[in-house]
Amino acid sequence: MTIDNTTEIGWELYRSFLGVLDAGSLSGAARAMGIAQPTVGRHVVSLEKALGVTLFTRSQTGLLPTEAALALQPLAQAMQRAATALQRAAKSQGSGIQGTVRVTASEVIGQEVLPPLLAQLQDTYPDLTVELVLTSRVQDLLQREADIAVRMTQPRQEQLIARRVGVIPLGLHAHKRYLEKHGTPASLADLTQHALIGFDEETPFVRAARKAFPIWSRENFALRTDNDMAQMALIRAGYGIGVCQVNLAAREPNLVNILPGSIPLSLETWITMHEDLRNNPSCKVTFDALLTGLKSYIAS
């Protein structure tokens with residue numbers, strides 16, 4: 001790889017490069033980015049010339065990335081995250097609480113717990129914009145994929161500010177309609193006679209949970225899905241018995257906590273952000289609001 005050191009490579013070239021990687025074509029990248037297709041093409045050609053490599057080859061299905069493109073992809077994505085974080089930080093400067101704060105959480109917490117907390121935050125600070133990213137993948141705060149994260153594991157990186165929220169208990173739950181049809185199990189052993197809703201693929205949390213709760217294994221499930229919200233919806237629909245947050249299920253009178261306290265499963269919950277954001281007013285008020293709100297949720 002021979003880089004033309006006389007050429008200053010602008011960020012827009014990498015942005016178009018990532019756009020083509022995502023879309024698989026110049027036209028798709030142009031539509032997604034809101035710019036003209038010839039412009040995307042010129043950007044890619046300019047980047048190839050500046051780096052001295054071929055980034056894409058043409059095929060019947062579109063543009064295929066070369067090995068060089070795939071090697072550069074994570075570095076360009078890091079640039080993209082840094083550029084986005086810079087924009088968020090710049091918009092948050094000035095007097096008052098304003099700009100954008102990017103928050104990441106699991107789907108259950110993000111859909112079932114955070115909305116009223118964020119609504120109250122917006123009422124208090126109407127100039128504050130929140131980007132909510134719901135994913136089971138741990139977003140990298142050090143790489144600025146997000147500003148604040150609600151996590152179910154204790155962060156270990158020294159550069160992160162972390163506050164322990166508390167422990168969210170998990171329990172076995174079923175809809176009254178299901179229990180009226182099939183009866184209520186009197187012991188953990190009785191669970192094998194019921195339709196159990198559980199995971200499809202094991203995660204580190206699932207493996208640890210299975211050691212403490214052996215019956216909760218893949219072969220015993222009548223329905224398998226790795227989507228936590230889907231599991232919750234199936235419990236609500238009366239499909240069978242599943243594991244969900246005790247505090248969340250307690251909100252719904254038709255959901256019954258079966259054998260309460262019988263399963264040793266819980267979620268240790270933390271809120272964390274990068275230490276560089278400790279003096280950012282918008283991040284601070286969002287962090288504090290989530291911490292207070294989640295503590296209230298756990299105590300309910």
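First things first, this report covers the structure right here in the doc.

The rules behind the values
- Residues numbered from 1 in each chain as written.
- Predicted model: local features only at pLDDT ≥ 70, side-chain atom pairs only at ≥ 80, totals over all residues.
- Heavy atoms only, no water.
- Salt bridge = Lys/Arg side-chain N within 4 Å of Asp/Glu carboxyl O.
- Helix = DSSP H or I, 4+ residues; strand = E, 2+ residues; numbered from the N terminus.
- Buried < 20%, exposed > 50% of the residue type's maximum accessible area, 1.4 Å probe, protein only.
- Polar contact = N/O pair within 3.5 Å; in protein donor to acceptor, adjacent residues only side chain to side chain.
- Core = buried A, V, L, I, M, F, W, Y, C linked by side-chain atoms within 4.5 Å.
- Contact = heavy atoms within 4.5 Å.
- Expected span 1.5 Å × (residues − 1).
- Phe/Tyr/Trp six-rings, centres within 6.5 Å; stacked < 30°, edge-to-face > 60°.

Details of the pattern of salt bridges
Step number 1: Under the definition given, this model contains seven salt bridges.
Step number 2: A salt bridge links Glu131 to Arg102; the nearest nitrogen and oxygen atoms lie 2.9 Å apart. Here Glu131, found in strand 4 (residues 128-134), pairs with Arg102, found in strand 3 (residues 99-105); they are 29 residues apart in sequence, far enough to count as distant.
Step number 3: Residue Glu131 is classed as partly exposed on the basis of its relative accessible area of 29%.
Step number 4: In this structure, the salt-bridge partner of Glu202 is Arg210, at a minimum N-O distance of 2.6 Å.
Step number 5: Residue Glu202 is classed as partly exposed on the basis of its relative accessible area, which comes to 32%.
Step number 6: Exposure remark for Arg210: the relative accessible area of 31% places this residue in the partly exposed category.

Focus on helix 8 (residues 228-237)
Step number 1: All of the buried residues in helix 8 are Met229, Gln231, Met232, Leu234 and Ile235.
Step number 2: For helix 8, the N-terminal cap is Asn227; the gap from its side-chain oxygen to the backbone nitrogen of Met229 is 2.9 Å.
Step number 3: Positive phi appears at Gly238, one or two residues downstream of helix 8, with a value of about 85°.

Side note on the nonpolar core
Step number 1: Core analysis: the largest hydrophobic core is formed by 59 residues, its most contacted members being Leu172, Ile271 and Leu294.
Step number 2: With eight residues, helix 10 (residues 281-299) is the single largest residue contributor to this core.
Step number 3: With near-sequence residues (within four places) excluded, Leu294 lies in contact with Ile109, Val113, Leu114, Leu117, Val150, Val165 and Ile271.
Step number 4: Core analysis: the second largest hydrophobic core is formed by 21 residues, Tyr14, Leu18, Val53 and Leu63 among them.

Some details on helix 3 (residues 37-51)
The α-helix winds at 3.6 residues per turn, so residues separated by three or four positions along the chain end up facing the same way.
Step number 1: Here helix 3 contains 15 residues, and its C-alpha end-to-end distance of 21 Å stays within 8% of the 21 Å for a straight helix at 1.5 Å per residue.
Step number 2: Listed in full, the buried residues belonging to helix 3 are Val40, Gly41, His43, Val44, Leu47, Glu48, Ala50 and Leu51.
Step number 3: At the exit of helix 3 stands Gly52, carrying a positive phi of roughly 75°.

Focus on the packing of aromatic side chains
Step number 1: Under the counting rule described, the total for this entry stands at four aromatic pairs.
Step number 2: Plain terms: the ring middles of Phe17 and Phe56 are 5.9 Å apart, the flat faces sit at 55° to each other, and that makes the pair tilted. Highlighted residues: Phe17 in helix 1 (residues 11-23) and Phe56 in strand 1 (residues 56-59), separated in sequence by 39 residues. Side by side, Phe17 and Phe56 carry an identical accessibility label, which is buried.
Step number 3: Linked through ring pairs, Phe199, Phe213, Trp216 and Phe221 together constitute an aromatic cluster.

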